[in-house]
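Chain and residue survey
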Amino acid sequence: MSDIASSTTASTQAPIDPDRLKAFAQAVYESAGVPAQDASLAADTLVQADLWGHQSHGMLRLGWYYARLRSGAMKARTECRIAVDAGAVAVLDGNDGVGQVIARRAVDEAVRRARQHGVGMVSVRNSNHFGTCMYYTRIGAAQDCIMMLMSNAGPNMAPWGGLQKKIGTNPWSIAAPAGRHAPMVMDMANSGVARGKIYLANNRHESIPAHWAVDRQGHPTTDPRAALEGFILPMAGHKGYVMGVMVDVLSGVLSGSEFLDGVHGPYDPVNRSGAGHFLLALNVAAFMPVTEFHARMEAYIASLKDVPVAPGHKQVYYPGEMETQADRQNRASGLTLATETLADLRRIAGEAGLRYDDYLGA
């Protein structure tokens, strides 16, 4: 289950058909020279995040990716190459291409190797931000693999006890097939909250909880702008700091990519990212018959739900179920985005030479 809570948005606009949003995002990517198939994938990752209720990783980010494409910090044409080919292990060089395309290639590579060896491990260097991790781990789960993906990111957190940005929020996700249910998914950053959620609060002119971040002097703040200028706090205190460091070791140090403050995030429009990732795919069939695993996962979920529901809760969710339900609801009713996000999409349309109303008008 993601650390990014599902929430309503502040907009008076009518809900928008997700397919229209995807068509718009794809057109923006193509206007920057991204090939159609890659543009479709990148656009889908954004809209899917919104459908899951994670607007901090949805269309809100299109302008950041577009700016990086226009400056050349992220290359429009993604040319991955296998730098190390060692049976179950591979190192994939993304050559500063589109992060979403690189991540999808890495998932396919990890699953392919897991089919051959029972386990597939892919280390990725010279990549870019790719959106929400669970988009990719669910692809592995759909192919009866337990999939883990982690990534380093541009610095947002200080080392424990320090006052200088060094460590990214460094997210990771694990997804497992779950029989007749949608995959069981964990998706979380090692910070108490994703940086994108603070951007979203800033866009909505909302305050944030005091435990999310501190200002530049290290004082707790409820002002999202002061939080963005300051430091995001790690989850669970020093434990989140340690987890973030180890994700950086696996994603950045091991891959031969950048690490710590050598990584530049999607908010930086001009510097190459240097992001690294680490993927692990476990072929369920190498451990037991797939049908048996599915039956055991169904029993696991049934046992999780076989408890009294606590006051203030509608139901007991298994990890990933909340997003599955949000997806179903949002596909039926359409997506309502924050007013500031819609204004930014209109700005992007102008820069890309597109007619906003042709895609997202009433």
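Residues numbered from 1 in each chain as written. Predicted model: local features only at pLDDT ≥ 70, side-chain atom pairs only at ≥ 80, totals over all residues. Heavy atoms only, no water.

1. A few points about the overall build of the protein
From N to C terminus, the protein includes 12 helices and nine strands. Its C-alpha atoms give the protein a radius of gyration of 20 Å, near enough to 21 Å, the size a compact globule of 362 residues would have. Overall size of the protein, expressed as C-alpha extent along the three principal axes, is 55 × 50 × 50 Å. Counting over 362 residues, the protein shows a buried share of 54%. Of the contacts formed within the protein by residues at least 6 apart in sequence, a portion of 69% connects residues at least 24 apart. Surface accessibility of the protein: about 15,300 Å² in total, with carbon and sulfur atoms responsible for 54%. Charged side chains in the protein number 33 positive and 34 negative. The centres of these two groups are separated by 1 Å. (Helix = DSSP H or I, 4+ residues; strand = E, 2+ residues; numbered from the N terminus. Rg over C-alpha atoms; globule rule 2.2 N^0.38 Å. Buried < 20%, exposed > 50% of the residue type's maximum accessible area, 1.4 Å probe, protein only. Contact = heavy atoms within 4.5 Å. Areas by Shrake-Rupley, 256 points an atom, 1.4 Å probe, with all protein chains shown as cover. Lys, Arg positive; Asp, Glu negative; His and termini not counted. Charge placed at Lys NZ, Arg CZ, Asp CG, Glu CD.)

2. Details of the domain arrangement of the protein
Under the domain assignment used here, the protein contains domain 1 (13-71 + 337-361), domain 2 (78-190 + 237-306) and domain 3 (193-233). Here the C-alpha centre of domain 3 lies 26 Å away from the C-alpha centre of domain 2. Facing the eight residues of domain 2 at the interface are 13 residues of domain 3. The largest contributions to the domain 2 side of the interface with domain 3 come from Leu163, Lys165 and Tyr267, which together make up 54% of the buried area. Our count for the contact surface shared by domain 2 and domain 3 stands at zero salt bridges. Across the contact surface, domain 2 and domain 3 share three residue pairs in polar contact (both at pLDDT 80 or more). Looking at the side of domain 2 that touches domain 3, its residues break down into four nonpolar, three polar and one charged. (Domains from an automatic or database assignment. Buried area = accessible area lost by both parts, 1.4 Å probe. Salt bridge = Lys/Arg side-chain N within 4 Å of Asp/Glu carboxyl O. Polar contact = N/O pair within 3.5 Å; in protein donor to acceptor, adjacent residues only side chain to side chain. Nonpolar A, V, L, I, M, F, W, Y, C, P; charged D, E, K, R; others polar.)

3. Focus: the nonpolar core
With 60 residues, the main nonpolar core has Leu21, Phe24, Tyr29, Met59, Leu62, Leu279 and Leu345 as its most contacted residues. Considering every element that reaches this core, the biggest residue donor is helix 4 (residues 99-117), with eight residues. In terms of nonpolar packing, the next biggest core, distinct from the first, is built from 15 residues, Leu60, Ile198, Tyr199 and Ile232 among them. (Core = buried A, V, L, I, M, F, W, Y, C linked by side-chain atoms within 4.5 Å.)

4. Things to note about the sheet that holds strand 1 (residues 81-86)
Taking strand neighbours across the sheet as the criterion, the seven strands line up as 1-2-3-9-4-5-6 in an open arrangement whose pairing is mixed. Since the sheet does not close on itself, it has two edges, and those belong to strand 1 and strand 6 (181-188), each with one partner. Across the sheet, the mean angle from the axis of one strand to that of its neighbour is 15 degrees, orientation sign disregarded. When strand 1 meets strand 2 (residues 89-93), the two strands line up antiparallel, connected through five bridges. Note on strand 2: the bridge partner recorded for Arg81 is Asp93. (Pairing = 2+ DSSP bridges. Axes fitted to C-alpha atoms, helices over the stretch in contact; angles between N-to-C directions.)

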